[in-house]
Amino acid sequence: MSEHHISLISFGSGLSALSDKVQFPSFLRTAVKDFQPEVIVQILYLFNWTWVGLFASDTEYGVQGSHKIREEADKYCICLEFSEFLTAGASKKKIGQAVNRIKMSSAKVIVLYVYPAEISPVLEELSLQNITGKVWVAIAGWFSSLVFSRREFWKTIAGTVGIASYSGEIPGFKDFLYSIHPWKYQRDLYMKLFWEHAFGCQWMDTVNRSESKRTSLAGKQPCTGNEQLESLDATLYDVYNFRFSYKAYMAVRALAQGLHDMLSCEPGKGPYRSRACAKRATFLPWQVFHYVKNVHFKTTTGRGMFFDANGDSPVAFDILNWQLYADDTSKFLKVGNYDAASPDAEKLLINVSSILWGEGSSQVPVSVCSKTCPTGYRKSALEGQPSCCFDCVPCSEGEISNQTGASECVTCPDDQRSNGKRDRCIPKVIEFLVYEDPLGITLSFLSVFYTLATALTLAVFYVYRGTPVVKANNTTLSYLFLCSLILCFLSALIFIGRPTEMTCMLRHVLFGVIFAVCLSCLLAKTVTVIVAFGATRPNSQLRKWVGVKATYSIVLACFAVQAVLGVTWVSIAPSFPEVHSGAIYGTMVIECNEGSPVMFSSMMIFLGLLASMTFISAFLARKLPDSFNEAKYITFSMIIFISVWLSFFPAYISTKGKYMVAVEIFAILSSSVGLLCCIFFPKCYIIILKPGMNTKEYLTTKSRSVQK
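Residue positions are given per chain, counted from 1 along the sequence in the order it is written. Note on the predicted model: pLDDT of at least 70 is required for a residue's local features to be given, and 80 or more for side-chain atom pairs to be given and counted; whole-chain, interface and lining totals, by contrast, use all residues. To obtain the side-chain values, all non-hydrogen atoms of the structure were included, while hydrogens and water were left out.

Asker: With reference to specific residues and values, describe the overall build of the protein.
Answerer: Each helix is a run of H or I in the DSSP string that is no shorter than four residues. Each strand is a run of E no shorter than two, and both are numbered from the N terminus. Counting its secondary structure elements, the protein contains 19 helices and 23 strands. Among the 708 residues that make up the protein, the fraction classed as buried is 45%. Residue contacts are counted whenever heavy atoms from the two residues lie within 4.5 Å of one another. Restricting to contacts in the protein with at least 6 residues of sequence separation, those with at least 24 account for 66%. Accessible surface computed for the protein: about 36,900 Å², of which carbon and sulfur atoms make up 60%. Remark: exposure states derive from per-residue accessible area (1.4 Å probe, protein chains only) relative to the maximum for the residue type, with buried under 20%, exposed over 50%, and partly exposed in between. Shrake-Rupley sampling with a 1.4 Å probe provides the accessible areas, and residues are treated as covered by the protein chains on show and by no other component.

Asker: Explain the environment of tryptophan 645 to me, using residue names and the numbers behind them.
Answerer: Position of tryptophan 645 among the secondary structure elements: in helix α17 (residues 631-654). Between the C-alpha atom of tryptophan 645 and that of methionine 604, which follows or precedes it by 41 residues, the distance is 9.6 Å. Not counting residues within four places of it along the chain, the set of residues in contact with tryptophan 645 comprises Phe511, Met604, Ala667, Ile668 and Ser671.

Asker: I'd like a rundown of the pattern of salt bridges, residues and numbers included.
Answerer: We count a salt bridge whenever a side-chain nitrogen from Lys or Arg sits within 4 Å of a carboxyl oxygen from Asp or Glu. Using the criterion set out here, one finds 10 salt bridges in the structure. Its salt-bridge partner being aspartate 318, residue lysine 334 comes within 3.2 Å of it at the nearest N-O pair. Of this pair, lysine 334 sits in strand β13 (residues 330-339) while aspartate 318 sits in strand β12 (residues 316-324), and the two are 16 residues apart along the sequence. By relative accessible area, aspartate 318 is classed as buried at 1%.

Asker: So what's going on with the packing of aromatic side chains? Which residues, and what values?
Answerer: Centres within 6.5 Å are what make two rings of Phe, Tyr or Trp a pair, Trp counting through its six-membered ring; a difference in plane orientation under 30 degrees is then read as stacked, over 60 as edge-to-face, and the rest as tilted. Scanning the entire structure with this criterion turns up 32 aromatic pairs. Where phenylalanine 449 meets tyrosine 450, the ring centres are 5.2 Å apart and the plane angle is 80 degrees; that geometry is what we call edge-to-face. In this structure phenylalanine 449 comes out as partly exposed when scored by relative accessible area, which is 44%. Feature note: the residues Phe511, Phe515, Phe641, Trp645 and Phe648 constitute an aromatic cluster, connected by ring pairs. Working rule: Lys NZ or Arg CZ, within 6 Å of ring centre, within 35 degrees of ring normal, means a charge sits over the ring. Between the NZ or CZ atom of lysine 192 and the centre of the ring of tryptophan 203, over which it lies, the distance is 5.6 Å. The ring centre of tyrosine 462 lies 4.3 Å from the NZ or CZ of arginine 465, which sits over that ring.

Asker: How would you explain the sheet that holds strand β22 (residues 576-581) if you had to name every residue and give the values?
Answerer: In short, DSSP must find at least two bridges between two strands for them to pair. Taking strand neighbours across the sheet as the criterion, the 3 strands line up as β21-β23-β22 in an open arrangement whose pairing is mixed. The open sheet terminates on both sides in strands that have one partner only, identified here as β21 (429-431) and β22. When strand polarity is set aside, the average angle formed by the axes of neighbouring strands in this sheet is 30 degrees. Of the pairings in the sheet, the one linking β21 to strand β23 (residues 587-593) comprises 3 bridges and is parallel in character. Working convention: axes come from line fits to C-alpha atoms, limited for helices to the stretch in contact. Angles between N-to-C directions cover 0 to 180 degrees.

Asker: Tell me about the nonpolar core, residues and numbers included.
Answerer: Within the largest apolar cluster, 65 residues are counted, with the highest numbers of intra-cluster contacts made by Phe481, Met638, Phe641, Trp645 and Ile665. Contributing elements (two or more residues each) for this core: α11 (438-463), α12 (468-471), α13 (475-491), α14 (501-534), α15 (548-572), α16 (597-621), α17 and α18 (658-689). With 15 residues, the top contributor of residues to this core is α18. Ignoring sequence-local partners within four residues, the contact set of methionine 638 consists of Leu519, Leu522, Ala611, Thr614, Phe615 and Leu675. Counting 64 residues, the second largest nonpolar core, distinct from the first, contains Ile78, Leu80, Trp142 and Phe148. In plain words, nonpolar cores are sets of buried Ala, Val, Leu, Ile, Met, Phe, Trp, Tyr and Cys residues tied together by side-chain atoms within 4.5 Å.

Asker: Mind laying out the packing of helix α9 (residues 243-263) against helix α10 (residues 285-293), listing which residues take part and the relevant values?
Answerer: Where α9 meets α10, the closest approach of the two axes is 8 Å, and the angle between their N-to-C directions is 110 degrees. Viewed along their axes, α9 and α10 adopt a mutual orientation that is roughly perpendicular. Crossing of α9 against α10: the hand is right-handed. When α9 is examined against α10, the residues Ala254, Leu255, Gly258, Leu259, Asp261 and Met262 are found in contact with a partner set consisting of Gln287, Val288, Tyr291 and Val292. Comment on the angle field: the value is read as roughly parallel under 35 degrees, roughly antiparallel over 145, roughly perpendicular from 65 to 115, and oblique elsewhere. Crossings are sorted by hand: turned counterclockwise from the far helix by less than a right angle, the near helix makes the crossing left-handed, and turned clockwise it makes it right-handed.

Asker: Describe in detail the sheet that holds strand β14 (residues 348-350), supporting the description with residues and values.
Answerer: Within the open sheet, the 8 strands sit side by side as β4-β3-β5-β6-β7-β12-β13-β14. Their pairing is mixed. The sheet is open, and its two edges are formed by β4 (79-86) and β14, each paired on a single side. Within the sheet, the average angular offset between the axes of one strand and its neighbour, ignoring direction, is 25 degrees. In terms of strand pairing, strand β5 (residues 109-113) meets strand β6 (residues 135-138) through 4 bridges, oriented parallel. Directly across from valine 109, in β6, lies its bridge partner valine 135. Contacting β3 (51-57), β4, β5 and β6, helix α3 (residues 92-104) runs over the sheet at an angle of about 165 degrees to β4.

Asker: Give a detailed account of a nonpolar patch on the surface, specifying residues and quantitative values.
Answerer: A surface patch of nonpolar side chains, about 390 Å² in accessible area, is lined by Leu189, Tyr190 and Leu193. Leucine 189 sits in the exposed class, given a relative accessible area of 72%. Each patch is assembled from residues with relative accessible area greater than 30% and no salt bridge, linking like charges that lie within 9 Å and nonpolar side chains (Val, Leu, Ile, Met, Phe, Trp, Tyr) that lie within 5 Å.

Asker: Quick one: what's the story with the side chain of glutamine 323, residue by residue and with numbers?
Answerer: Mapped onto the elements, glutamine 323 comes out in strand β12. Any N or O atom pair separated by 3.5 Å or less is treated as a polar contact, with the protein-specific requirement of one donor-capable and one acceptor-capable atom, and with residues adjacent in sequence counted only for side-chain atom pairs. Reaching out from glutamine 323, the side chain makes a polar contact with the side chain of tyrosine 325 at a distance of 2.7 Å. Not counting chain neighbours up to four residues away, the residues in contact with glutamine 323 comprise Thr329, Ser330, Lys331, Leu333, Ser354, Ile355 and Leu356.

Asker: An account of unusual backbone geometry is requested, with residue identities and associated values reported.
Answerer: The phi torsion at cysteine 77 lies on the positive side, around 55 degrees, for a residue other than glycine. Following the sequence through the fold, cysteine 77 ends up in the loop between α2 (60-75) and β4. By relative accessible area, which is 51% here, cysteine 77 ends up exposed. The phi angle at asparagine 130 is positive, at roughly 55 degrees, despite the residue not being glycine. In this fold, asparagine 130 is placed in the loop between α4 (116-128) and β6. We classify asparagine 130 as exposed; its relative accessible area is 56%.

Asker: Quick one: what's the story with the confidence of the model for the protein, residue by residue and with numbers?
Answerer: For the protein, the average pLDDT comes to 83, and 90% of its residues sit at 70 or higher. Note on residues 210-217: pLDDT is under 50 here. Beyond four places in sequence and across chains, it has 6 contacts. Confidence per residue, as judged by the predictor, is encoded in pLDDT with a range of 0 to 100. In the model, residues 704-708 has pLDDT below 50 throughout and makes 2 contacts with residues more than four positions away in sequence or in other chains.

Asker: I'd love a proper account of the pairing of β13, names of residues and values included.
Answerer: The pairing of β12 with β13 spans 9 bridges and is classified as antiparallel. Counterpart to isoleucine 319 in the pairing with β13 is glycine 336.

Asker: Describe helix α7 (residues 191-199), with residues and values.
Answerer: Listing the buried residues of α7 in full gives Met191, Trp195, Glu196 and Ala198. Where α7 is buried, its residues touch β8 (201-202). One or two positions beyond α7, positive phi appears at glycine 200, with a value near 65 degrees.

Asker: Summarise the state of the cysteines; cite the residues concerned and give the values.
Answerer: The definition used for a disulfide is geometric: two cysteine sulfur atoms within 2.5 Å. Under the defined criterion, the tally for this structure stands at 8 disulfides. Cysteine 412 shares a disulfide with cysteine 425; S-S distance 2.0 Å. Disulfide cysteine 412-cysteine 425: torsion about the S-S bond near -90 degrees, hence left-handed. With cysteine 412 in the loop between β18 (410-411) and β19 (416-418) and cysteine 425 in strand β20 (residues 425-427), this pair connects stretches of sequence that are 13 residues apart. Of the residues examined, cysteine 412 reaches a relative accessible area of 7% and is grouped as buried. The disulfide partner of cysteine 504 is cysteine 592, and the S-S distance across this bridge is 1.9 Å. On the S-S bond that ties cysteine 504 to cysteine 592, the torsion sits near -80 degrees, and the link is left-handed. Linking cysteine 504 in helix α14 with cysteine 592 in strand β23, this pair joins segments that are 88 residues apart in sequence. Considered together, cysteine 504 and cysteine 592 belong to a single accessibility category, that of buried residues. With no disulfide of its own, cysteine 483 lies closest to cysteine 521 among cysteine sulfurs, the gap being 9.6 Å.

This is how it looks when you write it as structure tokens:
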């Protein structure tokens, strides 16, 4: 028949092989091909059931279906705790194994990809043992079986959810089903048999019945003909469940629509050669098939009906729920539908709130091997266990999971950290030495205090500038030295506060240049003393260096060298603020990157060189017989200065963050205090507290006693 393309429309066959148009070119169907495994898995995924059992028919249909379920389940991370195959007429041992499998299973959901006759013995045993609490997910065909008519099964299968062929309204069909009656259809051989089975009665007319049949009906009430079909239980006579009938109706409707379209063809607008139409009286089968395979119309529910390139109609299912009520009544309730033609987000729609599970509960059962990991945790696979069985491990520091059931933790950005619950990234604490910090307050106070102390010393020297003690120590050089010390103390304040490009660029350069001026002043003083005593020798070449010319030349030369180094540093690779992780988790340190470690080292080496030269020259001049000689004090101050900075470098390298800055500030302050105290406090002591020693006569007498 296929050779002539005679239209064949099936309303019951779902075999996938029938979609092969090479073998079955004119085969069409309103029954959907076997798409049930995909829909079953979609239902499991919707309810978050990741740990389920499976009973499949031990036939080619069941084996292929169970294999497809496994494939689909793997896509959605759904695991099968067990998979059992059943056959009709299974042995008691096999039935017992299946029952024990259910009893021992931790899965609350069991998929039934079996025929009702194959699982009925198992349900009988479960009912006898009063085993309930399982959710059964059934394939199409179950809801038209007699399983649900057996009251002894009701508690066991209460809450069953499953799929059924899509149904719709067949105009006038309900009225027809309620109107049938044996008296109305007396020639129908099965009408009276149906009536007896439905109402549990027997007709008095038994003329045509065999003796065995009469015996089987003995003891029943006689059928009166007044029985009402409307009183029948829906499980026996469900006129609202026209599933196979509806598919047959759609097949007839498609054929009728195709014939209608063919007969409505207008000459010159046909689909055949030369735009011809089929001849009404002599049309051929292939012409009818052409129209039928291209039909497209709306059903009574508004869905589109058509055949695709494989002759299949749109895949659609109803989602049904078997509901058992407290008054010992039950019924099927449509709770959703599946439509493959809809967008992905709308293919499966289920009204979860309308479902009644076992024992009338509306709470969705949970069927998982391991509970869903809360936020802040991730899954950790258990060795030798399916992927659905896992431990929940807290996310590590710096990682979060803000969704339940996360497989991996997400790393926070560099400038953020994980909170205590590990479910949110929060900004890291920015760490730098601030003025409000106790350490910052202390260092700021010391900086200001010693600045004022130095300024007070400068004021004392200025007020007593005419006294011998001040005059004997090169007044101008002392003023320059004290002003430089004031700037040294104030430069420490640049190191406190949030580092910026400007402060980073200036802090080390200013510190290096100012300290170079301080040390050059001390070097000039000691060199002046050495030159002065050396020039007293006959024919000494040092006489031309006696005076302020040599003193200022030393200061300017040292200042110039350090200034050139500083300007070069700023020009080629200036220091800049840099952010990196702090020593304490969750903190970020903002500090100044030197930019050019070579230039930083060069300035520090030059300061070390000045300090060494000053120390050596002061040490050599310490015993020169001059009452005005302050070389001893300079020597001692250089010992303090060099000791502080030698201790600074290992401490600077070993600390991080704000404490590294504090070490540097402490080194600046302590070395500056050493210079101030060793050189100027003894002189201030004489000027203020011992004015008798601040006279020319006293100093002259002391000088003579020293020379003797």
